[in-house]
Amino acid sequence: METKSLSIPNISCGHCVGAIQRELGELEGVSKVDGDPATKQITIEWDAPATFEKIKATLQEINYPAAE
Ligand SMILES: [Cu+2]
């Protein structure tokens, strides 16, 4: 199990967090996505076949890129 927290500047409300949870949840291997609109942070738990690269690419695609 891998876990990582990411800062997502485009998060503006709980709806954004919900969209991210739904989209990342569709990636096979992603088991948990938590988010807080107040801090604009999400925490993701995953196992193979999901990879951190796939997660970051998906966030980019849905217009919630992670801050580096
Ligand atoms: Cu929003």
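Residues numbered from 1 in each chain as written. Predicted model: local features only at pLDDT ≥ 70, side-chain atom pairs only at ≥ 80, totals over all residues. Heavy atoms only, no water.

Reference geometry at the metal: tetrahedral coordination by four donors gives ideal angles of 109.5 degrees; octahedral coordination by six donors gives 90 or 180 degrees. Donor atoms from the polypeptide that bind the copper ion are Cys-13 (SG) and Cys-16 (SG), placed at 2.0 to 2.1 Å. Owing to a relative accessible area of 33%, Cys-13 belongs among the partly exposed residues under this scheme. (Donors = N, O, S within 2.8 Å, 3.2 Å for Na, K, Ca; no water. Buried < 20%, exposed > 50% of the residue type's maximum accessible area, 1.4 Å probe, protein only.)

Another point: the nonpolar core. Formed by 19 residues in total, the largest nonpolar core has its most connected members in Ile-8, Ile-20, Leu-24, Ile-42, Ile-44 and Leu-59. Only helix H1 (14-25), strand E2 (30-36), strand E3 (41-46) and helix H2 (52-61) provide two or more residues apiece to this core. Among the elements that make up this core, the one with the highest residue count is H1 (five residues). Leu-59 has contacts with Leu-6, Ile-8, Ile-20, Leu-24, Ile-42, Tyr-64 and Pro-65, leaving out every residue within four places of it along the chain. (Core = buried A, V, L, I, M, F, W, Y, C linked by side-chain atoms within 4.5 Å. Helix = DSSP H or I, 4+ residues; strand = E, 2+ residues; numbered from the N terminus. Contact = heavy atoms within 4.5 Å.)

With twelve residues, H1 extends 16 Å from end C-alpha to end C-alpha; this agrees with the ideal 16 Å at 1.5 Å per step. For H1, the set of buried residues is Cys-16, Val-17, Ala-19, Ile-20 and Leu-24. The buried residues of H1 occupy an angular sector of 160° when the element is viewed end-on, so they sit on one face. In H1, the exposed positions that point more than 90 degrees away from the buried face belong to His-15 and Arg-22. Looking at the buried side of H1, the elements it contacts are E2, E3 and H2. (Expected span 1.5 Å × (residues − 1). Arc of directions from axis to C-beta.)

Further remarks concern the side chain of Thr-58. Inspection of the secondary structure assignment puts Thr-58 in helix H2. Thr-58 gets classed as buried once you look at its relative accessible area, which sits at 12%. Apart from the residues within four sequence positions on either side, Thr-58 is in contact with Glu-23, Leu-24 and Leu-27.

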